[in-house]
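So you can see what is in the structure, the chains are spelled out below.
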Amino acid sequence: MHPRAEMEDPLIWLEEMARRVRERILRLAVGGGCFVGSALSCADLLVYLYARFLNVTRDNLDDPARDYLFLSKGHAVPALYATLVEVGLLPAERLENHLQPDDSIYWHPNRSLPGVEFHAGSLGHLLPVAVGVALDCKMRRGRNRVVVVTGDGELNEGSNWEACLTAAAHRLDNLIVVVDRNHFQANLRTEALIPLEPLDLKFEAFGCRTIRVNGHSFAELDRAFASLPLSFGRPSVVIADTVRGQGVPGFQERADRWFVKLTAREAEELIAELREGGR
Amino acid sequence: MMGEPLTYEKALAEIVLADERYVVLTAENRAAIRELPARLGERFVDVGIAEQTLVGVAAGLALRGRTPIVHALATFLTMRAFEFVRTDAGLANLPVKLVGGVPGFLSEANGPTHQALEDVALMRSIPHMQVFCPADELDLVLGLPVVLSSPHPTYIRHNPLQAVVEHSRTCKIGKAEVFAQGYDVTILTYGALFGQAYQARNLLQAEGILTRLVNLRWLKPVDEAEILRAARQTCLLVTLEDHFLTGGLYTLVGEILLRHQMMACVLPLALEERWFQPALLDDVLEREGLTGPQIAGRILDVMRGM
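Residues numbered from 1 in each chain as written. Chains lettered and ligands numbered in written order. Predicted model: local features only at pLDDT ≥ 70, side-chain atom pairs only at ≥ 80, totals over all residues.

J.: Tell me what's going on with the environment of Leu138 of chain B, and back it up with residues and numbers.
T.: Residues and elements named next belong to chain B. Within the secondary structure layout, Leu138 lies in helix H7 (residues 137–149). Separated by 43 residues in sequence, Leu138 and Pro95 place their C-alpha atoms 23 Å apart. In this structure, Leu138 is in contact with Pro5, Ala163 and His167, ignoring residues within four places of it in sequence. (Helix = DSSP H or I, 4+ residues; strand = E, 2+ residues; numbered from the N terminus. Contact = placed C-beta atoms within 7 Å.)

Below, the structure is given as structure tokens:
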């Protein structure tokens, strides 16, 4: 845990960090654009995980005992870039190179960046990869926690469910799947296209244990993550109910605010809105 | 050969039991590794019939410093899991070793669902990926140490056929094994057809046709120098493979000749735009005209017309 979190009210401190992350996401959309809607829905989750839950710091990236976070919904990477900057893993000035051909800060993550564990973009890949990492941690009797953040639309991909079966069979209780349940696919509401509910029962039937939380409430996230693993010998799934575009009223729950391009002026106006309207 | 021949499984066991770095995986295909699970304990991982997860898990293990050796049928490993191979192992250049079972004609009577006839084409298209296609089990065993110690992802066409020759003990990545020198014809081949090629070479030799025989071993990196030498020094190149004509050795030779602006007479022996009629191996070879005597006859026909 970051020492500053001990000193101040940790939840207020997280709220402030999440607001700065959202500002950075909006600024990343200036010019060539990025997947703003998706990034805003998981911004609080990534802030919570990096700032409060995971044992991952700039100094321990080479330590085999550290924790891992795999962002499987790779297009939400603006939230990851911004969070990695906030926790000191990625230098802030790198964000100025967004979409520049001389750097590798593009629309999906790649592991040449400090703090990015693996490239993503093709959905349904990182849960299987994380199962491999969790399996190795178990083999080495490590106490590492391996977190995978998936989208909900992403759960259409069968490889996620294969990986759950394998994780349950190998009793990987060090594996934590966090579903950014913003109820949207790229274009439509999940329940209008491929209904996922009851999602908790699906994961339970595949051998996992689940808990459902408000993915924008740090207090709820705190309680949920303190209770992990939910069951010894089983993977835990945190279904985090979120809102696409959270924090920016004009973007919330709008299918057409998934990939967004902004002018510098629009971004600053939205940031002002963000500062006024809570997070 | 002296004593009991060293099998793939024994050779693999010897290497992996001595080094914690190795993890052996399968998607519930244990044909080539029956005894290994009990001996290897938790460093043997069976993910069930789930090839995509198999490859994803292997990539995860490799991220933690392991060298995973992955077993599944060649078709499912290279096609069902193709994007996982390309994106998780290939793009990250991780030392994931993919052992494809019953490739090409070795699928025998299984039928087209099990006929890996594009595996070389697919695997060699992936940046960083190496492709090793041993002539028989001895060749496989000889190549295993360099395959496993290489830091790159590698596709291995598993081959349990018994060796008909003594192979060169040194197996270097990207180096072909040249069996016989000859200045009339060169047979370029890899994998399960090597034994037939060897027989064909002896028959041609008896007919007075000086035949060079090249066991390529590696399709990527391929021994370009040896192929160019054969193109320069012999009148006819024969590419012999249990693979589709598109994307395999014939294509590779074409690419090499084009790159070096060279012309050559090439007789391609491969499957053109079709699968093969499923049957036991000897019958498949006979029907495809790819037994040793049939290959020799086809080459003689071409030579007579030249």
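Text resumes after the structure shown.
J.: Tell me about the environment of Ala279 of chain B, and name the residues and values.
T.: Residues and elements named next belong to chain B. With respect to the helices, strands and loops of the structure, Ala279 is situated in the loop between strand S12 (265–271) and helix H11 (281–288). Judged by local crowding, Ala279 falls into the partly exposed class, with 15 C-beta atoms found within 10 Å. C-alpha of Ala279 to C-alpha of Tyr155: the two residues are 124 residues apart in sequence and 26 Å apart in space. If sequence neighbours within four positions are ignored, Ala279 has contacts with Glu108, Ala109, Val284 and Arg287. (Buried ≥ 20, exposed ≤ 12 C-beta atoms within 10 Å, placed from the backbone.)

J.: Can you explain the sheet that holds strand S9 (residues 211–215) of chain B? Please cite residues and give values.
T.: Residue and element names in this part refer to chain B. Spatial strand order, S7-S9-S8-S11-S12: five strands in an open sheet with mixed pairing. Two strands lie at the open edges of the sheet, namely strand S7 (177–180) and S12, each paired on one side alone. Each strand axis lies, on average, 20° off the axis of its neighbour in the sheet, ignoring direction. In this sheet, S12 lies alongside strand S11 (residues 236–244) in parallel orientation, the contact comprising six bridges. Counterpart to Val238 in the pairing with S12 is Leu267. Sitting on the sheet, helix H8 (residues 194–206) is in contact with S7, strand S8 (185–189), S9 and S11, with an inclination near 170° to S9. Taken strand by strand, helix H10 (residues 249–259) contacts S8, S11 and S12, and its axis lies near 135° from that of S11. (Pairing = 2+ DSSP bridges. Axes fitted to C-alpha atoms, helices over the stretch in contact; angles between N-to-C directions.)

J.: Now, about the packing of helix H6 (residues 158–169) of chain A against helix H3 (residues 51–63) of chain B: what can you tell me, with residues and values included?
T.: Between H6 of chain A and H3 of chain B, the shortest axis-to-axis distance is 9 Å and the interhelical angle comes to 70°. Taken together, H6 of chain A and H3 of chain B sit at an angle that is classed as roughly perpendicular. At the point where H6 of chain A passes H3 of chain B, the crossing takes the right-handed sense. Within the contact between the two elements, H6 of chain A uses Ser159, Glu162, Ala163 and Thr166 of chain A and H3 of chain B uses Gln52, Thr53, Gly56 and Val57 of chain B. A class-by-class count of the residues in the contact of H6 of chain A with H3 of chain B yields two nonpolar, five polar and one charged. (Parallel < 35°, antiparallel > 145°, perpendicular 65-115°, else oblique. Left-handed = near helix turned anticlockwise from the far one by under 90°. Nonpolar A, V, L, I, M, F, W, Y, C, P; charged D, E, K, R; others polar.)

J.: Kindly report on the interface of chain B and chain A, identifying the contributing residues and their values.
T.: Listed by partner, the interface residues are 22 residues for chain B and 20 residues for chain A. Contributions of two or more residues to the side of chain B that touches chain A are made by H3 and helix H5 (82–90) of chain B. The dominant element in the side of chain B that touches chain A, judged by the number of residues it contributes, is H3 of chain B, at nine residues. Class assignment of the residues belonging to the side of chain B that touches chain A gives a composition of eleven nonpolar, six polar and five charged.

J.: Could you give an account of the domain arrangement of chain B, with specific residues and numbers?
T.: Residues and elements named next belong to chain B. According to the domain assignment, chain B consists of domain 1 (8–157) and domain 2 (177–305). Every contact between the two is made by 26 residues of domain 1 and, on the other side, 26 residues of domain 2. Of all the elements in the fold, those that place two or more residues in the side of domain 1 that touches domain 2 are helix H6 (119–124), strand S5 (130–132) and H7. Of the residues belonging to the side of domain 1 that touches domain 2, the class tally is 14 nonpolar, six polar and six charged. (Domains from an automatic or database assignment.)

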